[in-house]
Amino acid sequence: MAKAFAVVLLLFNALGPNTGIRLDGNGYTDILVAINPAVPQNENIIKQIKAMITSGSEYLLKALDNKVYIKDVKILVPPNWSGTYEKAKRETYDKANIIIDSPNPAHGDEPYTKQMKGCGEESEYIHFTPNFLLNDNLLNAYGPRGRLFVHEWAHLRWGVFDEYNEQEPFYFSVNQQIQPTRCSKQFSGQWFEIINENPMLCRYEETGLPTKECQFFPDKEQQTNASIMYMQSVDSVTAFCHEGDHNAEAPNMQNQKCNSKATRTVIFQDSVDKDALQTLKPLQSPSAPTFSVIQRRSRVVCLILDVSGSMQGQRILRLQQAATIFLREIVEEGAYVGIVKFSTAADIISSLTKIEGKSRESLISNLPQTAAGSTNMCTGLKLGFEVLQQDDKSAVGDDVIFLTDGEATDDIQSCLQSAVDSGAIINTIALGPSASNVLVTMAKQTDGKFVVADENLISNQLVDAFSSFTMSDGDPTKQTIQLVSTGSATTGWFNGTVPIDRTVGNSTTFTIIYEKSAPTVNIQAPSGSVYDQTRMTDHAATKTLTLNIPGTAEAGDWRYSFFNKESTAQTMTLTVTSRAARDNVPPVMVKAQMNQLTSDGSKPMVVFAEVSQNHIPVLGAKVMATLQSDTGHSVDLYLLDNGAGADNFKDDGIYSRYFTKLKNGRYSLKVQVIHQEGVSGSHNRNSGALYVPGYIVNGKVQLNSQKPPVSVKSADVGSFTRTATGKSFVVNVPPGVTPKFPPGKITDLRAKIRVDTIFLSWTAPGEDFDLGTVESYEIRWSKHLKTVLYNFSDAIPVNTSALHPQEAGLDEQFSFLPEVAIQNGTTLFFGIRSQDKEALKSEVSNIARVTKFVPSPKPPEIAKPPPDLLIVIVIIVCGVTILACIIATVTLWATKRKKVVKESGGD
């Protein structure tokens, strides 16, 4: 088994990523822009996309030494747009690098990048709105669209962060000067408050920094060309900040997330393109990007099902149960579905059938019920592709759900390339530990989804796998959502509660699968209405009970009770699915994924679960991830949204956790979310271009149009549950190697000062990243950032003998009195690292800073004006003074002269 895993891991890695953006020579290819179905048809949107990316390509080329440019782009238009477009191949909305969608309620028309991973790692997507593309009213503040595209591209492709900070726009520098948060320091300008469209001198907070109403206005003409991640809107800015002009002490996200590295350093040394960028030769005159406009038609799916002898018994029954739920509840109206079975030979069970009326039950009745023979996968695949060609003589862009439980008796490797060449998206299900490892490669090479499952009823894994194959066209109101997937082995009652929230309720179905005989059923609606066996459909052949709630299910808690009538224990499972309550109310969605799909144990993996409603994060949820291998290893992880450890941003609705207990196997990923009644939401935009309020032009403030106000309500959805299944992944640790991980890096260290006492706070890491409890902490500080950052052991140590570490995820607090006096205006820098029982040390934390500021007894209400304005005032005052002196001298001279003349008797 270990050898088999090693083979698939090597093949998987050697093939490299087949999806997403690629760097082909000097040109980026396979870039996918997808327009959401909610966007009304407008061909000008396509024109503006092309214009933005074309000009952005020219700007990108200049920014990176003429080394890279945008080579080709696909634009995926919605299925509901009319017109003649190319047929999409394997491009789907959920794979888009750039989405054109209605405004994020929290951000309005501001562009941003969904960035959930660490420094140097690729992000999820860029979000532009139709209004931003079609209207020019925001361009003064953001600059030309092509420049803004490159700013967002750097987030997306290279995992760099913004160099401004709207939450902390000013800071005290080490030389005790107030500085705007920017990169580079050479970026000149002045700061004012704008009152009734008039610039006024900024006021001070008690901290000595300007009030939150104070804004920095850059000079329109700059002497520096950096930096794109600060303010790409200024004409002179054509480069990313490099180490020579990087402002390492600015309290921005780039410094916090990337250990104070310059953006150019991250791009050339840490990003996915680092090797290519160091070896590529500059281009003289690259061609403009090429564009293709594509569209997906109706969904076409073929189930290709293994019915060989090893599928006898429980496995063929599980196949029937799971495939039935897919055909009855998951696949959408208007799709076309065909079914093929294979063993020694292959047969077409059902030709392509449109999902409408009673066609679902007709397809279900044709599902295979017996199993025999050998396993010839290539035969099944070949016949499946023939079925997919029945509608338009092509399998390109169509879906395959390919299930098998065994090693192929034919050489599956021999038909791998023909499967890839078919153009179909092949989703594979490995049922049990013996299924061929080629399934992993086939799914990867065709942009499909690989899922492992076992035949144990209580895990419900096969049902979850089929339930995860939903359509992804960007319209969540058309998708079936899995609310609950749970099981119990009991001699008595199996009870629980399913909250139906306000965002779902249509097409709600309760499906009970039992092991021996149908239980007594009682399902009670929030209003008290009761559903029992008489209102359910009993499918005895597949041991399934189904309840379809008519109309829109009541919002509230639905209570269920199933009683096992058998004298011995039997296993029962419950699956609840539903759809959006209304077309104009996006449902709460959950997406589960790993940061990588293979691991050799050299570094931990990360689990992510995004919980959101219409782009708005849902906070305060209890999120549990279950990772179970086909070799029997299972781990449950509570995922956190606390901005510490594996979680990059606090309160962004993306719950994360490290997975460190790595053992060999192919793992399934299942996430279950429970949210109690309450309002949840976050309006923070972590990665996006800076809105510039105005510029200094010829010494005067020139205001841009006011930033459009955003009025958004937090996601208020009440209590809900969700279940989501992510792609499966492979772990293969070399023989004799036991993965050992150090404590996790502390990423949220904060510092405050009161009088002379320093107060530090952070989230406790674990001895294995974020699992367990560390042995000890090492805290050091300095007046010099670079000492703590680059020479941590040379910084001043703090006595931490009284500090007893807490379990990972808990809040830590520590205070101390430095042994030296701290002068007013002094800035201090702090770092911390932890150590485990085996003396493994973590990386040094993010660097926290604090400035001691003691205000004067009567602090001025008005801050000193910026330097340029102060000079003007001094000149005016001095000029007035000199003039007054001249007038006084002349007057005095004239008076004295008159007196002398009079005394001499003259006229």
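What counts and how
- Residue numbering note: each chain is counted from 1, following its sequence as written.
- The predicted origin of the model limits local features to residues at a pLDDT of at least 70 and limits the giving and counting of side-chain atom pairs to 80 or more, whereas totals for whole chains, interfaces and linings rest on all residues.
- Side-chain calculation: all heavy atoms of the structure are included, whereas hydrogens and water are not.
- Confidence scores here are pLDDT values: one per residue, from the predictor, ranging 0 to 100.
- Contacts between residues were defined by any pair of non-hydrogen atoms, one from each residue, lying within 4.5 Å.
- Disulfides are defined as cysteine sulfur pairs within 2.5 Å.
- Secondary structure elements follow DSSP: runs of H or I no shorter than four residues count as helices, runs of E no shorter than two count as strands, and numbering proceeds from the N terminus.
- For every residue, the accessible area obtained with a 1.4 Å probe (protein chains only) is divided by the maximum for its type, and the residue is called buried under 20%, exposed over 50%, and partly exposed between those limits.
- Here, axes are lines fitted to C-alpha atoms. For helices the fit covers the stretch in contact, and angles between N-to-C directions go from 0 to 180 degrees.
- When an angle is under 35 degrees it counts as roughly parallel; over 145 it counts as roughly antiparallel; between 65 and 115 it counts as roughly perpendicular; any other value is oblique.

## Things to note about the confidence of the model for the protein chain
In regions of low pLDDT, the predicted coordinates are not meant to be interpreted in detail.
No. 1: Residue-level pLDDT values for the protein chain average 90, and 91% of them are 70 or greater.
No. 2: Under a pLDDT of 50 for its full length, residues 1-18 has, in the predicted model, 37 contacts with residues more than four places off or in other chains.
No. 3: Counting contacts from residues 896-907, a segment whose pLDDT is below 50, to residues more than four positions away or on other chains yields two contacts.

## Some details on the state of the cysteines
No. 1: On inspection of all chains with the given rule, the structure shows four disulfides.
No. 2: With a sulfur-sulfur separation of 2.4 Å, Cys183 is cross-linked through a disulfide to Cys241. Disulfide Cys183 to Cys241: torsion about the S-S bond roughly -100 degrees, handedness left-handed. Separated by 58 residues along the polypeptide, Cys183 in the loop between β11 (178-180) and β12 (189-195) and Cys241 in the loop between α6 (228-231) and α7 (253-257) bring together distant segments of the chain.
No. 3: On the accessibility criterion, Cys241 (0% relative accessible area) is buried.
No. 4: The disulfide partner of Cys378 is Cys415, and the gap between their sulfur atoms is 2.1 Å. Here the S-S torsion is close to -85 degrees, and the disulfide linking Cys378 with Cys415 is therefore left-handed. Taken as a pair, Cys378 in helix α12 (residues 377-388) and Cys415 in the loop between β19 (399-404) and α13 (416-421) lie far apart in primary sequence, 37 residues in all. The exposure classification of Cys378 matches that of Cys415, with both residues buried.
No. 5: Counting its disulfide-bonded cysteines in sequence order, the protein chain shows a connectivity of 1-6, 2-5, 3-4, 7-8.

## Quick word on the packing of helix α2 (residues 43-63) against helix α5 (residues 145-158)
No. 1: The interhelical angle for the contact between α2 and α5, taken along N-to-C directions, is 75 degrees, at an axis separation of 8 Å. Taken together, α2 and α5 sit at an angle that is classed as roughly perpendicular. Residue-level contacts link Gln48, Met52, Ile53, Ser55, Gly56, Tyr59 and Leu60 of α2 to Arg145, Gly146, Arg147, Phe149, Val150, Trp153 and Trp158 of α5.

## A short note on the side chain of Gln593
No. 1: Take Gln593: it is sitting in strand β31 (residues 589-594).
No. 2: Residue classification places Gln593 among the buried residues on the basis of a relative accessible area of 16%.
No. 3: Among residues more than four places away in sequence, those in contact with Gln593 are Met116, Lys117, Glu124, Val606, Val607, Phe608 and Leu669.

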